[in-house]
Amino acid sequence: MTLQIAYSPCPNDTFVFDAWAHGRVPGAPAIDVTFADIDITNGMAERGEWDVLKVSYAVLPWVLGEYALLPCGGALGRGCGPLVLTREAGVELNGKTVAVPSERSTAYLLFRLWAAAAVPGAVGDIVVMPFHEIMPAVRDGKVDAGLVIHEARFTYQQYGLHCLADMGEHWESTTGLPIPLGAIIAKRSLGAGTLRTLAESIRTSVRMAWDDPQASRPYVLEHAQEMDPKVADQHIGLYVNEFTADLGDDGYAAVRGLLTRAAAEGLVPPLGRDALSFV
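For every chain, the first residue of its written sequence is number 1, and the numbers climb from 1 along that sequence. Whole-chain, interface and lining totals are the exception, using all residues; otherwise, since this is a predicted model, local features are given only for residues with pLDDT of at least 70 and side-chain atom pairs are given and counted only at 80 or more. The basis for every side-chain value is the complete set of heavy atoms in the structure, and neither hydrogens nor water enter the calculation.

Novice: Please explain helix α7 (residues 167–175) as it appears in this structure.
Specialist: Side chains three or four residues apart in an α-helix point the same way, a direct result of the helix having 3.6 residues per turn. Three or more residues of α7 are buried, namely Met167, Gly168 and Trp171. The buried side chains of α7 occupy one side of the element, clustering within an arc of 95° when seen end-on. With respect to the buried face of α7, the exposed residues turned more than 90 degrees away are Glu169 and Ser173. Contacts are assigned to residue pairs with any non-hydrogen atoms lying within 4.5 Å of each other. Each helix is a run of H or I in the DSSP string that is no shorter than four residues. Each strand is a run of E no shorter than two, and both are numbered from the N terminus. Along its buried surface, α7 packs onto β6 (83–86), α4 (106–118), β9 (145–148), β10 (162–166), β11 (179–187) and α12 (248–264). Where α7 begins, one side-chain oxygen reaches toward the backbone nitrogen of Gly168, 2.8 Å away; that side chain belongs to Asp166. Three labels apply to residues, based on accessible area from a 1.4 Å probe with only protein chains included: buried if under 20% of the type maximum, exposed if over 50%, partly exposed otherwise in between. For this quantity, the arc is that covered by the directions from the helix axis to the C-beta atoms. Contacts described as polar in this section are N or O atom pairs within 3.5 Å, which, within protein, must combine one atom able to donate a hydrogen with one able to accept it, while residues neighboring in sequence count only if both atoms come from side chains.

Novice: Can you walk me through the nonpolar core in this structure?
Specialist: The tendency in soluble globular proteins is for nonpolar side chains to be buried side by side. Here, the term nonpolar core denotes a set of buried Ala, Val, Leu, Ile, Met, Phe, Trp, Tyr and Cys residues that are joined through side-chain atoms within 4.5 Å. Leu60, Phe111 and Trp114 are the most contacted members of the largest nonpolar core, which totals 55 residues. In terms of residues, this core owes the most to one element, α4, which gives eight residues. Dropping the residues within four chain positions of it, Leu60 is found in contact with Val55, Leu69, Ile185, Val255, Leu259 and Leu276. Membership of the second largest hydrophobic core comes to 32 residues, among which are Val52, Leu195, Ala224 and Phe278.

Novice: I would appreciate a short explanation of the packing of aromatic side chains in the present structure.
Specialist: For any two aromatic rings, the description comes down to two numbers: the centre-to-centre distance and the angle of the planes. The criterion for an aromatic pair is that two Phe, Tyr or Trp rings (for Trp, the six-membered ring) have centres within 6.5 Å, with stacked assigned to planes under 30 degrees apart, edge-to-face to planes over 60 apart and tilted to the rest. The full count for this structure, using the stated rule, is six aromatic pairs. With 4.5 Å between their ring centres and 10° between their planes, Tyr7 and Phe17 make a pair best called stacked. Placement of Tyr7 in strand β1 (residues 2–7) and of Phe17 in helix α1 (residues 11–21) is noted, with a sequence separation of 10 residues between them. In terms of burial, Tyr7 and Phe17 fall into one category: buried. When the ring of Tyr7 is compared with that of Phe35, the centres are 5.5 Å apart and the planes differ by 90°; the resulting orientation is edge-to-face. With Tyr7 in strand β1 and Phe35 in strand β2 (residues 30–35), the pair connects residues that are 28 residues apart, well separated along the chain. With relative accessibility at 0%, the residue Tyr7 sits in the buried group. One aromatic cluster in this structure is built from Tyr7, Phe17, Trp20, Phe35 and Tyr219. One cation-aromatic arrangement involves Arg104 over Trp62; the distance from NZ or CZ to the ring centre is 3.7 Å. Look at NZ for Lys and CZ for Arg. If either is within 6 Å of the ring centre and within 35 degrees of the ring normal, a charge sits over the ring.

Here is the structure:
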């Protein structure tokens, strides 16, 4: 059986999945890979499409009935949170238009939690656009501010933009927990045995990438959208870490903490007690 899997073309995902995607992980199921932006994969999960998906942690409350959270392969970390960017330094966001990569993204949840504490009154319109279009839109004055993710942390100054706030700094300072960004989920209907095999396949693929980083380089750069190789390396170094191999207690605490806070603000449905259980 070949499993349908969708993840982003970003360097952290192609680095993590390179060995598995190219048949180098012993005993791993065959996979048919689709590349898609996170807003697309979030929608795929809500519609129950594909067997395995990389999604935002923010979408979990809507999909955990059909999908299980895998304990590895995702993106959590420290010092890697989304940024709010503006053309001018020190802009007030009251009533301003903000571009975001998805209203069901972890970045958006972190933004709303930050704004509730930091923006007197309220922000204005929220505009969803692919993350690679956000910085040009802010630069060109199409929106007042942009919420950016991924390698934008390393490149926003090339657009002449200013960092108004770091969502990760706010999250870490108020919780002490790592920042939960992207999750790997798989259909519960695959069965407990297959879910365990998927998790082990991901862990092995990650370790193989760490053991021989050059092996994944062609795959990473092929899909990195003309990204500078040095930026791709920074991206991998930031988003592929110990939580990628295993969420562990801190990882699970971060995920539950984010979704519990978001539910208290009415941003997501509340999680069931065992919703994050693996198998």
